[in-house]
Amino acid sequence: MESRSPTPDGGARERLPNLFEVLSRRTLAPVDLFSFYIYMRDVQRSVDYLDFWLDVSQHMSLCRHYVRELRRSVLISTPDLEKSGSKRSSQVLDNYQLDRTSSDQGPSGTAYNNNTTKERERLSTDQRLSAFLRTDNGSKHSPQNSTGSRSEDNTPGSEHPPRPSFMTGQSASPSPLNNSNTSPQHTVARADIRASAEKILYTFLLPGAEREIILPQGILNEITNAIEKEGRDDPEVFDAAKDYVFQAMERDAFPGFLRAKALGNIVQPSMMLRLIVGLVSLFAAFWAAFVLILLDKGRATRCWVILPFTVGVYCVMSHQYMLDPLLAVVGYSEYTFMRWHRVKETFVR
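Residues numbered from 1 in each chain as written. Predicted model: local features only at pLDDT ≥ 70, side-chain atom pairs only at ≥ 80, totals over all residues. Heavy atoms only, no water.

- Looking at an unreviewed UniProt entry, one finds the protein named RGS domain-containing protein, with Oleoguttula mirabilis as its source organism.

Listed below in structure tokens is the structure:
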């Protein structure tokens, strides 16, 4: 699909949305992220790709929150840092000024060519985040250390125990994050980021994984080596896979999603039901018409045949165009079988 710049927040969109806007939650029903998830699950049968995208985006949010907490802990523990001569740690953290509006769940930069200044700044920020997490791997300045949590022994030559992860059933850290998602009210430990990266690897990428997705072998090898051998857990590890999945969804799934949800308002089970009802109605109409003619019934009686003909044509045409005119008039769209919601996207309506 052709790449298009996202509509600025608050602006009126006089066109159909693109995949970037849907994944960024900038769209409304029936072309919102929830509808796209249902379409990937029920129609494309490839919801694992979308779940991988969402998990990587959540991993990025987790890393952002970790750096935000890290910066806050440094500023709290050393309030006169800027006045002193040692500004190295402060400069490293200040290079990543977290912007709460920069949480767009977009691709890493190669899959979605957007040349706007805001997007370039977001990509630069994400790159600085990954670079900081790589240099911070094993750093003593971390939220868990500043709050009294345990820290890893980074003495040269020391043997490190296996990292706790969800695969061993152990808690990744004493942080309350493990029990309450990534709520901004809780501290994120570095072990949480590590566990998040491992979870993505073991759930979606390794051969024989529970929800394995198909990726080029080169990309898979790079991610596996980066996490298991190099010990990396920064978001940049998944950039190549994220771009590949984005392009695959944009090419294979998103055009069908727009046809089904933006240009139509019924789902496949409803389409099949309408086809069956339409064909049965047409058969009954033709059969009744021939019977009434053979029985030499009057015109007033034969006029009733118009009713099954109308129902049959209406149902068949609704199936053909994936559009129910009556639902369109009242402004509703079907997102699962016999469950409707109001069309809120202005251009679609």
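After presenting the structure, the write-up continues.
**Focus on the overall build of the protein**
Phase 1: Helix and strand counts for the protein come out as 13 helices and 2 strands.
Phase 2: The 349 residues of the protein split such that 44% are buried.
Phase 3: Summed over its atoms, the accessible surface of the protein is roughly 19,400 Å², and 56% of this surface lies on carbon and sulfur atoms. (Helix = DSSP H or I, 4+ residues; strand = E, 2+ residues; numbered from the N terminus. Buried < 20%, exposed > 50% of the residue type's maximum accessible area, 1.4 Å probe, protein only. Areas by Shrake-Rupley, 256 points an atom, 1.4 Å probe, with all protein chains shown as cover.)

**Brief notes about the nonpolar core**
Phase 1: Leu23, Phe36, Phe52, Leu205, Ile223, Phe238 and Met249 are the most contacted members of the largest nonpolar core, which has 42 residues in total.
Phase 2: Looking at this core, the elements with two or more residues in it are α1 (19–23), α2 (33–44), α3 (47–77), α7 (190–205), α8 (217–229) and α9 (239–261). (Core = buried A, V, L, I, M, F, W, Y, C linked by side-chain atoms within 4.5 Å.)

**Considerations on α8**
Phase 1: Here α8 contains 13 residues, and its C-alpha end-to-end distance of 17 Å stays within 8% of the 18 Å for a straight helix at 1.5 Å per residue.
Phase 2: The set of residues buried in α8 consists of Ile219, Leu220, Ile223, Thr224, Ala226 and Ile227. In an axial view of α8, the angular spread of the buried residues amounts to 165 degrees, which keeps them on one side of the axis. Residues Glu222 and Lys229 are exposed on α8 and point more than 90 degrees away from its buried face. (Expected span 1.5 Å × (residues − 1). Arc of directions from axis to C-beta.)

**Structural notes on the environment of alanine 285**
Phase 1: Mapped onto the elements of the fold, alanine 285 is located in helix α10 (residues 268–294).
Phase 2: Along the backbone, alanine 285 and leucine 307 are 22 residues apart, and their C-alpha atoms lie at a distance of 8.0 Å.
Phase 3: If we ignore the near neighbours within four places in the chain, the residues touching alanine 285 are Val305, Pro308 and Phe309. (Contact = heavy atoms within 4.5 Å.)

**Considering α2**
Phase 1: By the burial criterion, the buried members of α2 are Leu33, Ser35, Phe36, Ile38, Tyr39 and Met40.
Phase 2: Buried residues in α2 make contact with α1, α3, α9, β1 (332–336) and β2 (339–342).
Phase 3: At the exit of α2 stands arginine 45, carrying a positive phi of roughly 55 degrees.

**Points about unusual backbone geometry**
The phi torsion of most residues other than glycine is negative, and most of the peptide bonds are trans.
Phase 1: Cis geometry marks the peptide bond from alanine 29 to proline 30; its omega dihedral reads 10 degrees.
Phase 2: Take proline 30: it is sitting in the loop between α1 and α2.
Phase 3: Look at methionine 338: it is not a glycine, yet its phi comes out positive at around 65 degrees.
Phase 4: Along the chain, methionine 338 falls in the loop between β1 and β2.
Phase 5: Residue classification places methionine 338 among the partly exposed positions, given a relative accessible area of 44%.

**Examining the side chain of serine 281**
Phase 1: Within the secondary structure layout, serine 281 lies in helix α10.
Phase 2: Look at serine 281 and you get buried, because its relative accessible area is 12%.
Phase 3: Not counting residues within four places of it along the chain, the set of residues in contact with serine 281 comprises Pro308, Val311 and Gly312.

**Looking at a nonpolar patch on the surface**
Phase 1: Taken together, the side chains of Leu273, Val277, Leu307, Val311, Phe337, Met338 and Trp340 define a hydrophobic patch exposed on the protein surface, amounting to about 610 Å² of accessible area.
Phase 2: Mapped onto the nonpolar patch, the elements with two or more residues apiece are α10 and α12 (306–321).
Phase 3: With respect to the helices and strands, phenylalanine 337 occurs in the loop between β1 and β2.
Phase 4: Relative accessible area serves as the criterion here: at 41%, phenylalanine 337 is assigned to the partly exposed category. (Patch = residues over 30% accessible without salt bridge, like charges linked within 9 Å, V, L, I, M, F, W, Y side chains within 5 Å. Salt bridge = Lys/Arg side-chain N within 4 Å of Asp/Glu carboxyl O.)

**Some thoughts on the UniProt feature "transmembrane region" (unreviewed entry) in the protein**
Phase 1: Look at the UniProt record and you will see "transmembrane region" (unreviewed entry) annotated at residues 271–295 and 304–323.
Phase 2: Helix makes up 80% of residues 304–323 and strand 0%, whereas the separation of the span's terminal C-alpha atoms amounts to 26 Å. (UniProt positions renumbered as here; feature names shortened; annotations may be inferred.)

**Some thoughts on the packing of α2 against α3**
Phase 1: At a minimum axis distance of 7 Å, the contact between α2 and α3 shows a crossing angle of 140 degrees. What the angle tells us is that α2 and α3 run oblique. Across from Leu33, Phe36, Tyr37, Met40 and Arg41 in α2, the residues of α3 making contact are Val47, Leu50, Asp51 and Leu54.
Phase 2: Of the residues contributing to the contact of α2 with α3, the split by class is 7 nonpolar, no polar and 2 charged. (Axes fitted to C-alpha atoms, helices over the stretch in contact; angles between N-to-C directions. Parallel < 35°, antiparallel > 145°, perpendicular 65-115°, else oblique. Nonpolar A, V, L, I, M, F, W, Y, C, P; charged D, E, K, R; others polar.)

**Examining the pattern of salt bridges**
Phase 1: By the definition in use, this model includes 12 salt bridges.
Phase 2: A salt bridge links glutamate 345 to arginine 13; its shortest N-O distance comes to 2.4 Å. Here arginine 13 lies in the segment before α1 and glutamate 345 lies in the segment after β2, a separation of 332 residues in the sequence.
Phase 3: When its relative accessible area of 5% is taken as the criterion, glutamate 345 is described as buried.
Phase 4: Among the residues examined, arginine 13 registers a relative accessible area of 11% and is labelled buried.
Phase 5: Here arginine 15 and glutamate 21 are joined by a salt bridge, their closest N and O atoms 2.8 Å apart. There is no split in this pair, since arginine 15 and glutamate 21 are both buried.
Phase 6: Where salt bridges share partners, they join Arg13, Arg15, Glu21 and Glu345 into one cluster.

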